[in-house]
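Architecture and fold: a report
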Amino acid sequence: MNFLNVEIPVKNLPELDKGFVPLALFFKAYEKNATQPLCIAVERSGGQVGTWECKTYNTPEMAAADSYYVDRLVKFLLWSWGGFKVSICGNEKLAAEIKAAYSEGGSRQFDKEFMEGVYERPFEVEYRDYADRPTAFQKAESVGRHTNGARIGFDAGGSDRKVSAVIDGETIYSEEVVWYPKVNPNPDYHYLGILAAMQTAAAKILEKGRKVDGIGVSSAGVYIDNKCMVASLFLKVEKDDFEKKVKNIYTRAAEDLSRMLGYEIPVVVANDGDVSALAGAMGLKENGIMGIAMGTSEAVGYVDGDGNICGWLNELAFAPVDGQPDAMEDEWSGDIGCGVKYFSQDGVNKLAPRAGIELDENEAPAKRLKVVQGLMEQDDPRAVQVYESIGVYLGHTMGLYSKFYDIKHVQMMGRVMSGKGGDIILETAARVMDEEYPEVSFRPEAPDEMTRRVGQSAAAASLPDVK
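Residues numbered from 1 in each chain as written. Predicted model: local features only at pLDDT ≥ 70, side-chain atom pairs only at ≥ 80, totals over all residues. Heavy atoms only, no water.

**Quick notes on the pattern of salt bridges**
For the coordinates displayed, the defined rule picks out 34 salt bridges. Put simply, Asp111 and Lys75 hold a salt bridge, and the shortest N to O gap is 2.7 Å. Of this pair, Asp111 sits in helix α4 (residues 109–119) while Lys75 sits in helix α2 (residues 63–81); the two residues are 36 residues apart in sequence, bridging distant segments of the chain. Taking the relative accessible area as the measure of exposure, Asp111 reaches 1% and is therefore buried. (Salt bridge = Lys/Arg side-chain N within 4 Å of Asp/Glu carboxyl O. Helix = DSSP H or I, 4+ residues; strand = E, 2+ residues; numbered from the N terminus. Buried < 20%, exposed > 50% of the residue type's maximum accessible area, 1.4 Å probe, protein only.)

See below:
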């Protein structure tokens, strides 16, 4: 495969998406003969700076490849680490291109505005000489794994909400309730659903003669000090309503439950991807865990080799995985080839028609996914093709993620991973990695069925440190 004058050796392509250009193999092939040093630095809150050393060609014939390589690298690092300032060190022309892209009206305006919303400060791109590149500074913190006391764990998904009641580390009750947060503009809809779930779990704890000692929340989006900074769950909520009713939605629900019960209940809110990684780390009793939940979107979290959360965004739903020019566009960010359209129910719904499966476009995405899952349970060869294609995507993307994360295990969770289809995804991804990325030691794995679908709410319950 030739892409932007880079010859990419690819052995495995998805049967239903032959145009797929694995970004991991593009990076690998591009970097093979590049010689000009370049450093990309990304600054985020607390004075933390991530740096990435690489090389470019800086020749006329490779100009397009240089631009694409740096654009995709900056995009991946931003959505992995998070940040409000990017420094391109060593190539003034490429720095100017990135600055233009992340300016008002530029191709990455969504990314710029998202980061400004998270960090509540203007987004910057600057050029520096390579010799003047910033020094890396990162910090991490321990989170979760507390099992003492009676706890509520709540997991807010895009198609269902899950809640667990956990007493001294044992889950005594779990439930899933279908809801539609991403299409509802009324923040009271979200709030009442959250409060109802917490009340249900609290009742189960009270039935056991215990008081509620803590509430842990796992939710899609970016959370700082338990506040919701940005989240696709509340996509349709107007900005004023978001500020007034969504930013503190989980702490408000916890405070109202506290008033109902007559005592204060501590609450901790974390990104659902980080909680999925925490669930994997707790289950395996190991560290260096990436958790990926494939549901309404792709939620990713990471527990480092010391068992800590790094404070990174890990919003890899918006990070690129595919280089093909006509890849499916993400309607929220406006970019193409990003993980959300490959590792979520959108990925299934994208591929199903290509396999000859007719889906009702008027049905909710979760219901369309259930149609494909039903066919898979009957071993329909069309459904098999869908899940095998996702497995190829996943195998290549594991090769990509291993470039940026130190991983011992990847735990796959979420509705898309349920049933026979999930098994096919894992088997296919492992085969692709064996053939394309033999140097990568891990292979994606899955916990049991209940942990796949409800485990995050139980892990969320471990978040508060209850004395």
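The rest of the description comes next.
**Observations concerning the pairing of strand β8 (residues 160–167)**
Burial analysis of β8 places 8 of its 8 residues in the buried class, which makes it a mostly covered element. Judged by which residues are buried, β8 turns out to be covered on both faces: Asp160, Lys162, Ser164 and Val166 on one side and Arg161, Val163, Ala165 and Ile167 on the other are all buried. Pairing between strand β7 (residues 150–156) and β8: 7 bridges, direction antiparallel. Residue Arg151 lies in a different strand from β8, and its bridge partner there is Val166. In sequence, β7 turns back onto β8 through a hairpin of 3 residues. Note that β8 and strand β9 (residues 170–178) share 8 bridges and pair antiparallel. Across the sheet, the residue bridging to Val166 is Thr171, located in β9. Hairpin connection of β8 to β9: 2 residues between the antiparallel strands, including Asp168 at a positive phi of 50°. (Pairing = 2+ DSSP bridges.)

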